[in-house]
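So you can see what is in the structure, the chains are spelled out below.
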Amino acid sequence: QVQFVESGGGLVQPGGSLRLSCAASVRLFSTYAMGWYRQAPGKQRDLVAHITSGGSTNYADSVKGRFTISGDNAKNTVYLQMNSLKPADTAVYYCNTAVPRADYWGQGTQVTVSS
């Protein structure tokens, strides 16, 4: 059974940084593209970054140049380095395969950007 456990969220001031981690219960990253998603209150869940098994990355325009996705296949972990955070980045962040499966969603990790 595939499980993702997200961690690393918290409260940070505008302009600050956080590094999120997503640990998988099984080895997936060497086969499947992975994505980080976020959902703000009252809004839909959106893909903000994804990484292919070959290491190619892509980002939503709203985070391009500020967020970096990376993966460690040996640790079955995907990371999201978030810099220059803005209040608009406040959301619950989740990981899933880049084509998300409903049964893979974890609890997410809350990121709050506020002064």
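Cut-offs used in this document
Position numbers for residues start from 1 in each chain and track the written sequence from start to end. Only residues with pLDDT of 70 or above have their local features reported here, since the model is predicted, and side-chain atom pairs are shown and tallied only from 80 upward, although totals for entire chains, interfaces and linings are computed over all residues. Hydrogens and water molecules were not included; the side-chain quantities draw on all heavy atoms of the structure. Note on pairing: two strands pair once DSSP finds at least 2 bridges between them. Each helix is a run of DSSP H or I of at least 4 residues and each strand a run of E of at least 2, with the numbering of both proceeding from the N terminus. Fitted lines through C-alpha atoms give the axes, limited to the stretch in contact for helices. The angle between two N-to-C directions lies from 0 to 180 degrees. Stacked, tilted and edge-to-face are the three classes assigned to paired rings of Phe, Tyr and Trp, where Trp is represented by its six-membered ring and a pair needs centres within 6.5 Å; plane angles under 30 degrees give stacked, over 60 edge-to-face, the rest tilted. Exposure categories follow from relative accessible area, calculated using a 1.4 Å probe and restricted to protein chains: below 20% of the type maximum is buried, above 50% is exposed, and the middle band is partly exposed.

*Asks:* Which parts of the structure should I look at to understand the sheet that holds strand E2 (residues 10-12)?
*Replies:* Sheets are built from strands paired through backbone hydrogen bonds, the pairs being either parallel or antiparallel. A sheet is described by the order of its strands in space; here six strands give the open sequence E2-E10-E9-E4-E5-E6, paired in mixed fashion. The strands lining the two open edges of the sheet, one partner per strand, are E2 and strand E6 (57-59). Pairwise comparison of adjacent strand axes, ignoring direction, gives a mean angle of 25 degrees for this sheet. By the bridge criterion, three bridges tie strand E5 (residues 46-51) to E6 in an arrangement that is antiparallel.

*Asks:* Whenever I open this one, the sheet that holds strand E8 (residues 77-82) confuses me. Can you help?
*Replies:* Strand order in the open sheet made by the four strands is E1-E3-E8-E7, with antiparallel pairing throughout. With one partner strand each, in any of the chains shown, strand E1 (4-7) and strand E7 (67-72) form the two edges of the open sheet. With direction set aside, neighbouring strand axes in the sheet form an average angle of 15 degrees. In this sheet, E8 lies alongside E7 in antiparallel orientation, the contact comprising six bridges. Paired with isoleucine 69 across the two strands is leucine 80, which belongs to E8.

*Asks:* Hey, could you run me through the packing of aromatic side chains in this one?
*Replies:* We describe a pair of aromatic rings using the distance from one ring centre to the other and the angle between the two ring planes. Summed over the entire model, instances satisfying the criterion amount to three aromatic pairs. Ring geometry for phenylalanine 4 versus tyrosine 104: centroids 5.8 Å apart, planes at 85 degrees, classification edge-to-face. Taken as a pair, phenylalanine 4 in strand E1 and tyrosine 104 in the loop between strand E9 (91-97) and strand E10 (109-113) lie far apart in primary sequence, 100 residues in all. Assessed through its relative accessible area of 12%, tyrosine 104 is described here as buried. Seen in terms of ring centroids, tyrosine 94 and tryptophan 105 are 5.8 Å apart; in terms of plane orientation they differ by 80 degrees. Their pairing is edge-to-face.

*Asks:* Looking at this structure, I do not really get the pairing of E1. What am I missing?
*Replies:* As a general feature of sheets, a regular strand has side chains that alternate between the two faces. By the alternation rule, side chains of E1 split into Phe4 and Glu6, which are all buried, and Val5 and Ser7, of which none is buried. Alignment of E1 against strand E3 (residues 18-24), held across four bridges, turns out to be antiparallel. Each bridged residue has a counterpart across the sheet, and for glutamate 6 the counterpart in E3 is cysteine 22.

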